[in-house]
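As a plain string of letters, each chain reads:
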Amino acid sequence: MFTFNHPPSSILIVGSGVFGLSTAKALAENPTLHKTQITLLERFDFPAPDGSSIDSSRIVRPDYADGAYASLMIEAHRHWRGDLGKQGRYTESGLCIVTSEESFDDSAQGARTYMEKALENVKARLGLSCGRREDGGQLESLHDPDDVQRIMGSMGGDCGKRGYVNWTSGWADAEAGVRYVREQVEKTNRINFRTAEVKRLQFGPDRVEGVELSSGEILTADLVVLATGAWTPRLVDLRGVASATGQAVAYIDITPDEQLRLGSNPTLICESNGMFIIQPRNNLLKVARHGYGYANFVTFPHPEKPLESGEQITASLPRTKCNDETLQLPAEGIKACREYLATTNPSLAQRPFKETKICWYTDTPSGNWLIDYHPKYKNLFLATGGSGHGYKFLPVIGSRIVDVIFAHDRDALGGELRHKWQWPEMRSKEDHIWTDDWRGGRKGMVLDEELAKTL
Ligand SMILES: Cc1cc2nc3c(=O)[nH]c(=O)nc-3n(C[C@H](O)[C@H](O)[C@H](O)COP(=O)(O)OP(=O)(O)OC[C@H]3O[C@@H](n4cnc5c(N)ncnc54)[C@H](O)[C@@H]3O)c2cc1C
């Protein structure tokens, strides 16, 4: 068992997104690990073009129905408001959370519950002041469509029926944030960065004996940390634990005048359908859906069984333009983005999208991350399960991961989140995870089926 007093002599982190990079930083900065050889492996030259952590923007908010994440955000926010957020890497534009339901009937219950709990949490845990922004308020309840219109009116359409705006939330330039942290890690001179793809892990009865690269080279390490995001189910059997789900994203060019008109809006997210529009920058507007997503089922050799056994499993894995140049966003996803634009920004309704893409979440049943040792292989640690909300924790998640690595005893660590992140006692009955976390869109969509439809 590793502790800070008995650290491993070598650690291999696989994956250089938010989870892997932040872990590398926390390990590199820990003086008790000064003799530990640490390697960070990434299949692409940094940054990975299809990694979930690389994009124009990510929402940075403490607005969580689960108060533990709201509290963790207090610490993360200090970094975003400090050096990490400088040079446009973080913009505190506010976040307007709305529902499109007129009344809180049963079908709107989920949306109301998330929004109301989030509001309660930011009030109680962050102590934000309520009232209009012009009067110094940080949180404004929006009781009716006119209130929503007062905040989002420059879009010109129907942005929602009720909700609230948190002026202390914002958004990050996702790629710039990750690049900055990478530079910080490089400066420590403690991490050996390598570009290489892991093909398979070599499993012994109770530990990872080796890490096989696509080149055929075998690496060994005392501790292997898998921070491979939505690709993790390829390397370890995560059926009933976590799954890759593809999310719809679209970008649209706007004119300088439109940038001026829309550029000081808060980010808008609609809890009724999961659609959101992040404050535009540099004449580019992004519209996307926080949804149940698409499953992309692939059948491949069981990652934990010898190849000679011939045993296969089926799991959802990412499909991106890096492995399929012809890949398009299904018509269903394009329609959802198009309709949301038409409803909220009628003047942009007909404008062609500059680009569309599918970005991959690693979903868990509850939406909690998976930060724990593998129950069977004692030197294998998983740092994944971002469930569509990991980016904003870039500055703090690594230190939490390192805490868990070196303190196996769940109770000794304390904290509200530790229990939420553990490997589940039971796998879900269904192999594929359609999360119970709050989402928009339809549950159960399969990528190939949706691609075959023209609508
Ligand atoms: C469309 C979309 C919108 C989102 N919006 C938000 C938001 O507004 N706010 C927020 O906080 N979060 C948001 N998220 C979630 C957030 O982006 C993710 O939780 C986070 O980026 C996940 O980081 P990761 O390190 O787990 O995965 P990744 O960033 O995907 O990193 C995994 C890395 O592992 C590498 N890898 C995989 N397999 C191998 C292998 N075999 N060998 C070597 N390397 C390998 C990959 O190349 C990749 O770079 C969003 C996600 C998406 C997709």
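Structure report, in brief. Values in this document were obtained by computation on a predicted structure and should not be read as measured data. (Residues numbered from 1 in each chain as written. Predicted model: local features only at pLDDT ≥ 70, side-chain atom pairs only at ≥ 80, totals over all residues. Heavy atoms only, no water.)

**A few points about the side chain of Thr99**
Now for step 1: If you trace the backbone, Thr99 turns up in strand β5 (residues 95–99).
Now for step 2: Within the local environment of Thr99, its side chain forms a polar contact with the side chain of Ser272, the two groups lying 2.9 Å apart. (Helix = DSSP H or I, 4+ residues; strand = E, 2+ residues; numbered from the N terminus. Polar contact = N/O pair within 3.5 Å; in protein donor to acceptor, adjacent residues only side chain to side chain.)

**With respect to the site of the ligand**
Now for step 1: Taken together, 32 residues surround the ligand, and among them Glu42, Arg43, Ser53, Ile59 and Cys359 come closest.
Now for step 2: Between the ligand and the protein, one listed contact pairs an oxygen atom with a backbone N or O atom of Phe19 at 3.0 Å.
Now for step 3: At 2.9 Å from an oxygen atom of the ligand is found a main-chain nitrogen or oxygen belonging to Ser52.
Now for step 4: When isolated, the ligand has an accessible area of 1000 Å², and the protein chains bury 97% of it. (Near = heavy atom within 4 Å. Areas by Shrake-Rupley, 256 points an atom, 1.4 Å probe, with all protein chains shown as cover.)

**A closer look at the state of the cysteines**
Now for step 1: Counted according to the given criterion, the structure contains zero disulfides.
Now for step 2: Cys159 carries a free sulfur, and the closest cysteine sulfur to it, the one in Cys96, is 7.7 Å from it.
Now for step 3: As a non-bridged cysteine, Cys337 has Cys359 as the owner of its nearest cysteine sulfur, 12 Å distant. (Disulfide = S-S within 2.5 Å.)

**A short note on the packing of helix α1 (residues 18–28) against helix α5 (residues 174–188)**
Now for step 1: Relative to each other, α1 and α5 sit at 30°, their axes nearing to 9 Å. Classed by the angle they form, the pair α1 and α5 counts as roughly parallel. With respect to the hand of their crossing, α1 and α5 are arranged in left-handed fashion. Residues Val18, Leu21, Ala24, Lys25 and Ala28 of α1 form the contact with α5, whose participating residues are Val178, Val181, Arg182, Gln184, Val185 and Thr188.
Now for step 2: Among the residues making up the contact of α1 with α5, the classes are represented as seven nonpolar, two polar and two charged. (Axes fitted to C-alpha atoms, helices over the stretch in contact; angles between N-to-C directions. Parallel < 35°, antiparallel > 145°, perpendicular 65-115°, else oblique. Left-handed = near helix turned anticlockwise from the far one by under 90°. Contact = heavy atoms within 4.5 Å. Nonpolar A, V, L, I, M, F, W, Y, C, P; charged D, E, K, R; others polar.)

**Quick look at the packing of α1 against helix α8 (residues 394–406)**
Now for step 1: Close contact between α1 and α8 brings their axes to 7 Å; oriented N to C, the two are set at 70°. Classed by the angle they form, the pair α1 and α8 counts as roughly perpendicular. Regarding α1 and α8, the two cross each other, and that crossing is right-handed. Contact with α1, carried on its side by Val18, Phe19, Ser22, Thr23, Ala26 and Leu27, involves Leu394, Val396, Ile397, Gly398, Ser399, Ile401, Val402 and Phe406 of α8 and no other residues of that element.

**Let's talk about the pattern of salt bridges**
Working definition: two side chains of opposite charge can pair if their charged atoms are close together.
Now for step 1: Evaluation of the coordinates by the stated rule reveals 33 salt bridges.
Now for step 2: Of the charged contacts, one joins Asp66 and Lys420 as a salt bridge, the two residues approaching to 2.9 Å between their closest N and O atoms. Residue Asp66 is found in the loop between β3 (58–60) and α2 (67–80), and its partner Lys420 is found in helix α10 (residues 416–420); the two are separated by 354 residues along the sequence.
Now for step 3: Taking the relative accessible area as the measure of exposure, Asp66 reaches 23% and is therefore partly exposed.
Now for step 4: Measuring nitrogen to oxygen at the nearest pair gives 3.7 Å for the salt bridge that ties Lys443 to Asp436.
Now for step 5: When its relative accessible area of 41% is taken as the criterion, Lys443 is described as partly exposed.
Now for step 6: A residue is classified by how much of its surface remains accessible, and Asp436, at 64% relative accessible area, is exposed.
Now for step 7: Each of Asp55, Arg58, Lys286 and Lys357 takes part in a single network of salt bridges with overlapping partners. (Salt bridge = Lys/Arg side-chain N within 4 Å of Asp/Glu carboxyl O. Buried < 20%, exposed > 50% of the residue type's maximum accessible area, 1.4 Å probe, protein only.)

**Quick word on the pairing of strand β13 (residues 223–226)**
Now for step 1: Both faces of β13 are covered, namely the face carrying Leu223 and Val225 and the face carrying Val224 and Leu226.
Now for step 2: Where strand β1 (residues 10–14) and β13 come together, four bridges link them in parallel fashion. Directly across from Ile11, in β13, lies its bridge partner Leu223. (Pairing = 2+ DSSP bridges.)

**A word on the environment of Asp55**
Now for step 1: Inspection of the secondary structure assignment puts Asp55 in the loop between β2 (37–42) and β3.
Now for step 2: We classify Asp55 as buried; its relative accessible area is 7%.
Now for step 3: For the pair Asp55 and Asp403, spaced 348 residues apart in the sequence, the C-alpha separation amounts to 28 Å.
Now for step 4: Asp55 has contacts with Asp173, Ala174, Glu175, Tyr251, Lys286 and Lys357, leaving out every residue within four places of it along the chain.
Now for step 5: One polar contact links Asp55 to Tyr251, side chain to side chain, over a distance of 2.5 Å.

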